[in-house]
Amino acid sequence: MDPTPYKKYKMALLNIELEFKAERDSAEYFADRDMFCAVHVPEEDWKRTMKDCGGSVMTTANDINSSVLGQCDYFEERQVGGERFNIFQGYVNGRTCTLILRGSAEQFLEETELRYMMLY
């Protein structure tokens, strides 16, 4: 199944345990309802998403309303090599940028990351 891009995307940042037998089951459940679900998101990533897109991290799916939802103009999941990335565009508080580095040698990637960190 090809990823679906979403326009005028609203997101609920739920830190809850989904009761599905497999991750694939949860992805299918949400996709059938025209929703995207990311599982096992590192804390650093969801905190950055919340900071840029707004919203609040919730520990229950009860009482979801617009005041706790994050939003952006466009969202999609993209495959780059063997990795999948969530791409957010057009968010109000956005001050971040994700660089996707691919190279033939680990040393090249480490040097690029080090030089970037020296700039910022």
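Going along each chain's sequence as written, the residues are numbered from 1 onward. In keeping with the predicted nature of the model, local features appear solely for residues at pLDDT of at least 70, side-chain atom pairs appear and are counted solely at 80 or more, and the whole-chain, interface and lining totals rest on all residues. Here the side-chain values reflect all heavy atoms present in the structure, with hydrogen atoms and water set aside.

**With respect to helix H2 (residues 43-53)**
Then, number 1: Remark: exposure states derive from per-residue accessible area (1.4 Å probe, protein chains only) relative to the maximum for the residue type, with buried under 20%, exposed over 50%, and partly exposed in between. Only DSSP runs of H or I with at least four residues qualify as helices, and only runs of E with at least two residues qualify as strands; both kinds are numbered from the N terminus onward. Taken together, the buried positions of H2 are occupied by Thr-49, Asp-52 and Cys-53. Along the axis of H2, the buried residues cluster in a sector spanning 80°; they form a single face. Among the exposed residues of H2, those oriented more than 90 degrees off its buried face are Glu-44 and Lys-51.
Then, number 2: Where H2 is buried, its residues contact strand S1 (6-11), strand S2 (13-14), strand S4 (70-80) and strand S5 (83-89).
Then, number 3: Residue Gly-54 follows H2 closely and has a positive phi angle near 85°. What the arc describes is the spread of directions from the helix axis to the C-beta atoms. Throughout, a residue-residue contact means that at least one pair of heavy atoms, one from each residue, lies within 4.5 Å.

**Overview of the pattern of salt bridges**
Then, number 1: For this analysis, a salt bridge means a side-chain nitrogen from Lys or Arg found within 4 Å of a carboxyl oxygen belonging to Asp or Glu. By the definition in use, this model includes 6 salt bridges.
Then, number 2: Between Asp-73 and Lys-8 there is a salt bridge, with its nearest N and O atoms 3.4 Å apart. Here Asp-73, found in strand S4, pairs with Lys-8, found in strand S1; they are 65 residues apart in sequence, far enough to count as distant.
Then, number 3: In this structure, Arg-78 and Glu-76 form a salt bridge, with 2.9 Å as the shortest nitrogen-oxygen distance.
Then, number 4: What makes Arg-78 partly exposed here is its relative accessible area of 34%.
Then, number 5: Looking at Glu-76, the relative accessible area reads 15%, which means it is buried.

**Thoughts on the sheet that holds S1**
Then, number 1: By this definition, two strands are paired if DSSP reports at least two bridges between them. Strand order in the open sheet made by the 3 strands is S1-S4-S5, with antiparallel pairing throughout. Each end of this open sheet is capped by a strand with a single partner; those strands are S1 and S5. The mean angle between the axes of side-by-side strands here comes to 50°, regardless of whether they run parallel or antiparallel.
Then, number 2: As defined by bridge partners, S1 adjoins S4 across 5 bridges and the pair is classed as antiparallel. Bridge pairing links Lys-10 to Gln-71 in S4.
Then, number 3: A fitted line through C-alpha atoms represents every axis, and for helices the fit uses only the stretch in contact; the resulting angles, taken between N-to-C directions, go from 0 to 180 degrees. In the packing of H2 onto the sheet, the strands contacted are S1, S4 and S5, and the crossing angle to S4 comes to about 140°.

**Side note on the nonpolar core**
Looking at soluble globular proteins, one finds that nonpolar side chains tend to be buried together.
Then, number 1: One finds Tyr-6, Tyr-9, Met-11, Leu-13, Cys-53, Cys-72, Phe-75 and Tyr-91 forming the largest nonpolar core, which totals 8 residues.
Then, number 2: Those elements that place two or more of their residues in this core are S1 and S4.
Then, number 3: Looking at which element gives the most residues to this core, the answer is S1, with 3 residues.
Then, number 4: When near neighbours in sequence (up to four residues on either side) are disregarded, Phe-75 contacts Thr-4, Pro-5, Tyr-6, Tyr-9, Phe-36, Asn-86, Ile-87 and Phe-88. By nonpolar core we mean a set of buried residues, namely Ala, Val, Leu, Ile, Met, Phe, Trp, Tyr and Cys, connected to one another through side-chain atoms within 4.5 Å.

**Quick word on the packing of aromatic side chains**
Then, number 1: In this analysis, rings of Phe, Tyr and Trp, with Trp reduced to its six-membered ring, are considered paired at centre separations within 6.5 Å, and the interplanar angle assigns stacked below 30 degrees, edge-to-face beyond 60, and tilted for intermediate values. Counted by the stated rule, this structure contains 5 aromatic pairs.
Then, number 2: Each ring, one from Phe-75 and one from Phe-88, has its centre 5.0 Å from the other, and the planes form 45°; the classification is tilted. With a gap of 13 residues between them, Phe-75 in strand S4 and Phe-88 in strand S5 connect regions that are remote in the sequence.
Then, number 3: Of the residues examined, Phe-88 reaches a relative accessible area of 22% and is grouped as partly exposed.
Then, number 4: By the ring-pair criterion, three or more aromatic residues cluster together here, those being Tyr-6, Tyr-9, Phe-36, Phe-75 and Phe-88.

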